Amino acid sequence: KSGFIGIIGRPNVGKSTLMNQLIGQKIAITSPIAQTTRNRLRGILTTEEAQLIFVDTPGIHKPHHQLGEVLVKNARIAIESVDVILFVVDGTAACGGGDRFIAELLSRSETPVILGINKIDEQPSDAQKLDDSYIQLAKEQQWQTVKFSAVTGVGLVELQELLIEHL
Ligand code: GDP
Ligand code: MG
């Protein structure tokens, strides 16, 4: 099995960190400053079962200026050119307008989507409320959900297995 996986999500949710952790190399540029990843970067993960080609995209947000519009346009192209979308969200905050904007974009595409709740290593003690806000969104769209930490690596084996199932 082999296929392309598009990593999509708001800026700063941990898309580049996740790709680096999955492929074990420092390719994507990670930063606490939004929009570091202006161009799409690729990383390949070869397992016994499959070859996963990850495409790290710039963060998507509602465009407020011209650069933002270009980013959204690129994201649309990325969505159509991959086999599976991994929609990454920040588990330390509740689902908000930015996530719903992306969900809307994704719902208009035929590409299958997996919703990945990241940063579970830093979730507060009342995390269930936060998780539920995303699980509700995933239910509406009939997307499968997976939880992980791109920093510690917790949950990434399960994530890989789910991605391979979708290829
Ligand atoms: P991107 O804009 O979505 O590519 O996000 P980055 O990968 O650049 O990460 C943005 C910030 O979130 C960085 O400071 C990362 O160290 C942090 N981050 C990413 N993943 C995790 C995680 O699993 N846990 C925690 N605590 N922080 C994370
Ligand atoms: Mg990035």
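Residues numbered from 1 in each chain as written. Chains lettered and ligands numbered in written order. Predicted model: local features only at pLDDT ≥ 70, side-chain atom pairs only at ≥ 80, totals over all residues.

Engineer: Got a minute to help me understand the nonpolar core in this structure?
Structural biologist: Ranked by internal contacts, the top residues of the largest apolar core, which has 33 residues, are Ile7, Ile8, Ile85, Leu86, Phe87, Val89 and Leu115. Among the elements of the structure, strand E1 (2-9), helix H1 (15-23), strand E3 (51-56), helix H2 (66-80), strand E4 (84-90), helix H3 (97-107), strand E5 (113-118) and helix H4 (127-141) are those that each provide at least two residues to this core. When residues in this core are grouped by element, the largest group, five residues, is from E4. Aside from chain neighbours lying at most four places away, what touches isoleucine 8 is Thr57, Ile60, Ala75, Ile79, Ile85, Leu86, Phe87 and Ile102. (Core = buried A, V, L, I, M, F, W, Y, C linked by C-beta atoms within 7 Å. Buried ≥ 20, exposed ≤ 12 C-beta atoms within 10 Å, placed from the backbone. Helix = DSSP H or I, 4+ residues; strand = E, 2+ residues; numbered from the N terminus. Contact = placed C-beta atoms within 7 Å.)

Engineer: I tried to follow H1 on my own but got confused; where do I start?
Structural biologist: Residues spaced three or four apart along an α-helix face the same direction, because each turn holds 3.6 residues. Taking burial as the measure, the nine residues of H1 include seven buried ones, the bulk of the element. Just beyond H1, the residue with positive phi is glycine 24, at close to 65 degrees.

Engineer: How should I be thinking about unusual backbone geometry in this particular structure?
Structural biologist: Most peptide bonds are trans, and most residues other than glycine sit at a negative phi. Positive phi values are uncommon outside glycine, yet lysine 119 reaches one of about 65 degrees. On the secondary structure map, lysine 119 appears in the loop between E5 and H4. In this structure, glutamine 142 takes a positive phi of about 60 degrees despite not being glycine. Here glutamine 142 lies in the loop between H4 and strand E6 (144-147). Residue classification places glutamine 142 among the exposed positions, given that 9 C-beta atoms sit within 10 Å.

Without other data, these values stay purely geometric and don't point to any function.
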